[in-house]
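Structural overview
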Amino acid sequence: MNADRLPPVAPEVTATLVEDLSPRLRKRLDGAVTKLGARPAYRDGDTVTIAVDDDTELRLHAPGGVVATADAITCGCLLAPACVHRAAAACAAPTADLAPEPADEPTRAARGPASPTDPTPTPDAPTPDSASSPEVASPAQRGAAGALWSAAAAVLEAGVDGAGAVTQSALLRAAHTARLQHLPRAAGAALSVVTLLRAARAGDPSYRTAALVTALAELLGTAHRLRSASGAELASVRGRVRRPYSPDGSLRLYGLFTEPVVTGSGHGGVRTWVAGAGGRLFTVGDVAPGGAGRALGVADRAVRLGDSALTHRELGRAGLAVSGATVSPDGRLGAGKGVKAVTARGAAWTEPPLAALWETPVSEQAARALRSTSRYADPDGGGSDLLFLDVELLGAVRESGGTCLLALGEGGIHVRLTVADDDPALAHRDNLMLLATAPGTRLRIIGRLVPALHPRLALLACSHPTGEGTVDLGLDRLRRADLPDPAAPVHPAPPPAGGTAGHSPLYLLERRVEQTVPAGRAALGLLGDVTAEARRIRRAGLPTAAGLLIALCASAGRRERDLFGRLLPADTDGFATHWLAAARYTAAVAESLCAAAWEPAQGTASVPGFS
């Protein structure tokens, strides 16, 4: 049985069913989840039935698509409802998205119409008399944050191998409590950790340890900040359940390009990027279940925006005049009934207002993109991770992970251009390999920043090598006849990217942070002396990293004894604090080194042909 065939289950339902189990059944829960996953299941309307055995059936009733109550999961075995099967089914099913927050008193109806900028209500909102002092988290919110911290620290203690259904249910209960206390950012982080834990334990090929490291550090960091945050910082740490669309009046938009979107969950579609008259970037998307095949088909469907008849491909090269526009904080254009859009003239990449995107210094573009791609960026921070460069192609470069295209950018910066999506149905890989055979070609490109210790972009779109029009590199396929004369002058290829940043020993701390996640605190404590590693880090000018490494490993191996020589429980809170400091520090330094890599080399000329 594939877990995707089961309806999503609300976090509080899973937590309740696991908490109601006897200690004996809790020990059997992980095995029951595995066994249930191997049983056949079928759907009939809103109900999914699983054959527990030849004589027993388990049913999940999901009106509206979500199992919202514990009573909606029923079992026909003799021990029901106190059996392990109901809890196992909830643990095997996907976790439902957060439900809307409960309303506070007075209600919105009593307070009048909500404005687009209404803040998320809180149980203990300050009164007008207290407006002069910054708002702080309520005792209940701090309690919810403490529960989230404890649940996340337990994951670090146990590691993926030990963080089974019971540990996950504690996270789900803490997430539910956080939602009730209007802390959606922390609650969402907890659900992300649960989802990644399940993927790791199920052997999902798309799982990456680095993703779980980031999710755990986000959860621990948010829970920690909630205890002391106030004012604007508190609002940011709380977050919002939904990213609301707010009115943005009339917009004159100019198409840039269209990219296919294929997700690991089997969804597919496209995202078309457009720019406003002032250079602000917006997107129009259409993503739904369907994979790469749907992405290729949707590209030639009409854009869902007003009465526009343009397809996504056409919009990427044309323009729109939009009235009654609504925009989310991350730039997505809404398609509500009040939105009207008519086709208008587009602009070439070398014409105003689009040309200004390439005129911004690359270091400023990289800094902006890093703020957007930061592992711990403010969810409502907005911004774009796109970079706009003029480059000269230098040829293919082999790396440990495959082959990329090396290019010379403004300021003498050598940029590695990689494939945005390796799906063979898309054109990314073939186009990049073809461009690699044309050194000396000068192109205007759009790429997505890939955080690394050297300049690196996922190539999304480029000017056509002939100089006529543009190419959506995931959708359009270049031919050899499109390439310029191979006799064009070729800029000398540089040595492989490196330098001080490229050889930073920061990875010595990063790997210890990552090693904690699969096997837990105890495994890190058994890895031995790290004095030599700390000395190497310190010699590279990173004394803080060296101190964090020593403190982290010492905390992992430390176990105190009582007066009778018996081992006391491990200090999970102390270890979680050291781990969080190391994880956040390595991310901050890596982002700083990435930003430095995009600084232009001194005394270098610009790429000719685009002045």
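A few points on the structure. Every residue gets a number counted from 1 within its own chain, in the order that chain's sequence is written. Selection of residues for local features in this predicted model requires a pLDDT of at least 70, selection of side-chain atom pairs for listing and counting requires 80 or more, and totals for whole chains, interfaces and linings are taken over all residues. Calculation of side-chain values draws on the structure's entire complement of heavy atoms; hydrogens and water are dropped beforehand.

**Here's the deal with the overall build of the protein chain**
Applicable threshold: Helix numbers and strand numbers start at the N terminus; a helix is a DSSP run of H or I with at least 4 residues, a strand a run of E with at least 2. Using a 1.4 Å probe on the protein chains alone, a residue whose accessible area is under 20% of its type maximum counts as buried, one over 50% counts as exposed, and one in between counts as partly exposed. Throughout, a residue-residue contact means that at least one pair of heavy atoms, one from each residue, lies within 4.5 Å. The Shrake-Rupley method, run with a 1.4 Å probe sphere, supplies the accessible areas, and residue values consider only the shown protein chains as cover.
Each helix and strand in the protein chain was counted, giving 20 helices and 17 strands. Here the protein chain holds 611 residues, and the buried ones make up 47% of them. Counted over contacts in the protein chain with a minimum sequence separation of 6, partners at least 24 positions apart contribute 64%. Taken as a whole, the protein chain presents about 28100 Å² of accessible surface, with 54% of it coming from carbon and sulfur.

**Describing the nonpolar core**
The cut-off we apply is this: The nonpolar core is taken to be a set of buried Ala, Val, Leu, Ile, Met, Phe, Trp, Tyr and Cys residues, with the residues joined through side-chain atoms within 4.5 Å.
Within the largest apolar cluster, 71 residues are counted, with the highest numbers of intra-cluster contacts made by L171, L212, L216 and W579. The contact partners of L171, leaving out residues within four places of it in the chain, are A151, A152, V155, A190, V193, V194, L197 and L219. Formed by 34 residues, the second largest nonpolar core is a distinct cluster that contains L25, L58, A62 and C77.

**What about the pattern of salt bridges?**
Convention followed: The term salt bridge refers to a side-chain nitrogen of Lys or Arg lying within 4 Å of a carboxyl oxygen of Asp or Glu.
The full count for this structure, using the stated rule, is 24 salt bridges. In this structure, E259 engages R271 in a salt bridge whose closest nitrogen and oxygen atoms are separated by 2.8 Å. Remark: R271 occurs in strand β7 (residues 267-276) and E259 occurs in strand β6 (residues 251-262); sequence separation between them is 12 residues. Between R304 and D286 there is a salt bridge, and its shortest N-O distance comes to 3.5 Å. In this pair, R304 is assigned in the loop between α10 (291-298) and α11 (312-315) and D286 in strand β8 (residues 281-289), connecting sequence segments 18 residues apart. Sharing partners across several salt bridges, the network here consists of D300, R313, R317, D472 and D476.

**What to know about the sheet that holds strand β3 (residues 57-61)**
Note the threshold: Between any two strands, at least two bridges found by DSSP are needed for them to pair. To define axes, lines are fitted to C-alpha atoms, for helices over the stretch in contact only, and angles between the resulting N-to-C directions are given on a 0 to 180 degree scale.
Reading across from one edge, β1-β2-β3-β4 is the order of the four strands in this open sheet, with antiparallel pairing throughout. Two strands bound the open sheet, and with one partner strand each, they are β1 (41-44) and β4 (73-75). The average undirected angle you get between the axes of adjacent strands in this sheet is 20°. As paired strands, β3 and β4 are joined by three bridges and run antiparallel to one another.

**Some words on a positive patch on the surface**
Spelled out, the test is: Each patch groups residues whose relative accessible area exceeds 30% and which form no salt bridge, using 9 Å between like charges and 5 Å between nonpolar side chains of Val, Leu, Ile, Met, Phe, Trp and Tyr. For the purpose of counting charges, residues Lys and Arg are taken to be positive, whereas Asp and Glu are taken to be negative. His and the chain ends are not included. All charge positions are set by atom: Lys at NZ, Arg at CZ, Asp at CG, Glu at CD.
Where like charges cluster on the molecular surface, the positive patch consists of R535, R536, R538 and R539. Looking at the element boundaries, R539 is found in helix α18 (residues 531-539). Using a relative accessible area of 65% as the deciding quantity, one classes R539 as exposed.

**Section: the packing of aromatic side chains**
How we decide: Whether two aromatic rings pair depends on their centres lying within 6.5 Å, for rings of Phe, Tyr and Trp, where Trp uses its six-membered ring; planes under 30 degrees apart make the pair stacked, over 60 edge-to-face, and the rest tilted.
Per the counting criterion, the structure on display carries three aromatic pairs. On the numbers, 5.1 Å between centres and 75° between planes, the contact of W358 with F388 is edge-to-face. Here F388 lies in strand β12 (residues 386-399) and W358 lies in helix α12 (residues 355-359), a separation of 30 residues in the sequence. Take W358 and F388: they sit in the same class, and that class is buried. Members of the aromatic cluster, connected to one another through ring pairs, are W349, W358 and F388.

**So, the environment of R584**
Along the chain, the position of R584 falls in helix α20 (residues 572-597). Accessibility expressed as a relative area gives 28% for R584, which makes it partly exposed. Spatially, the C-alpha atom of R584 lies 8.4 Å from that of Y376, the residues being 208 residues apart in sequence. Contact partners of R584, with chain neighbours within four places excluded, come to A217, G221 and Y376.

**A short note on the side chain of N431**
Quick reminder of the rule: Within 3.5 Å is the distance limit for a polar contact, defined as a pair of N or O atoms, with the added protein rule that one can donate a hydrogen and the other accept it, and that residues adjacent in sequence qualify only through two side-chain atoms.
Positionally, N431 belongs in helix α14 (residues 428-435). A distance of 2.9 Å separates the side chain of N431 from the backbone oxygen of L473, its partner in a polar contact. Reaching out from N431, the side chain makes a polar contact with the backbone nitrogen of L478 at a distance of 2.9 Å. Setting aside residues no more than four positions away along its own chain, N431 makes contact with L473, D476, R477 and L478.

**Overview of the pairing of β7**
Buried residues dominate β7, accounting for eight of its 10 residues. Looking at chain direction, β6 and β7 are connected through nine bridges and run antiparallel. By the bridge assignment, L253 is partnered in β7 with G276. Bridge count for β7 against β8 is nine bridges, and the pairing is antiparallel. From the neighbouring strand, G269 faces β8, where its bridge partner is V287. Linking two consecutive strands that pair antiparallel, namely β7 and β8, is a turn of four residues; a positive phi of about 95° is found at G279 within it.

**Thoughts on the sheet that holds strand β9 (residues 319-323)**
In a beta sheet, neighbouring strands pair by backbone hydrogen bonds and run either parallel or antiparallel. Reading across from one edge, β8-β7-β6-β9-β11 is the order of the five strands in this open sheet, with antiparallel pairing throughout. The sheet terminates laterally at β8 and β11 (340-344), the two strands that pair on one side only. Neighbour-to-neighbour, the strand axes of the sheet open up by a mean angle of 30°, direction not taken into account. Bridging between β9 and β11 involves five bridges; their strand directions are antiparallel. By the bridge assignment, V322 is partnered in β11 with A341. Relative to the sheet, α10 contacts β6, β7 and β8, its axis offset from that of β7 by approximately 40°.

**Topic: the packing of helix α2 (residues 23-37) against helix α3 (residues 84-92)**
Keep this limit in mind: Roughly parallel means an angle under 35 degrees; roughly antiparallel, over 145; roughly perpendicular, 65 to 115; everything else is oblique. Two helices that cross are described as forming a left-handed crossing if the nearer one is turned anticlockwise from the farther one by less than a right angle, and a right-handed crossing if clockwise. Each residue is assigned to one class: nonpolar for Ala, Val, Leu, Ile, Met, Phe, Trp, Tyr, Cys and Pro, charged for Asp, Glu, Lys and Arg, and polar for all the others, Gly among them.
Running from amino to carboxyl end, α2 crosses α3 at an angle of 60°, the nearest separation of the two axes being 8 Å. Here α3 runs oblique to α2, going by the angle between their axes. Judged by the sense of rotation from one axis to the other, the crossing of α2 with α3 is right-handed. Residues L25, L29, A32, V33 and L36 of α2 lie in contact with α3, whose contacting residues are V84, H85, A87, A88, A89, C91 and A92. Looking at the contact of α2 with α3 residue by residue, the class counts come to 11 nonpolar, one polar and no charged.

**Structural notes on helix α5 (residues 139-162)**
Heads up, the condition is: The reported bend at a residue is simply the angle between two axes, fitted to the 7 residues ending at it and to the 7 residues beginning with it.
Along α5, the largest kink reaches about 60° and is centred on L156. Along α5, the positions that sit buried rather than exposed are Q141, A144, A145, L148, W149, A151, A152, A153, V155, L156, G159 and V160.

**Overview of the environment of S250**
Looking at the element boundaries, S250 is found in the loop between β5 (246-247) and β6. Note on S250: relative accessible area 61%, which makes it exposed. Residues S250 and A325, spaced 75 residues apart in sequence, show a C-alpha to C-alpha distance of 6.1 Å. If sequence neighbours within four positions are ignored, S250 has contacts with V322 and S323.

**Brief notes about α2**
Our working definition: Every helix has an expected span of 1.5 Å times one less than the residues it contains.
Between its first and last C-alpha, α2 extends 22 Å over 15 residues, near the 21 Å set by a 1.5 Å rise per residue. A maximum bend of about 45° is found in α2 at L29. Looking at α2, one finds that the buried residues are L25, L29, A32, V33 and L36. Buried residues belonging to α2 abut α1 (11-19), β2 (47-51), β3, α3 and α6 (165-180).

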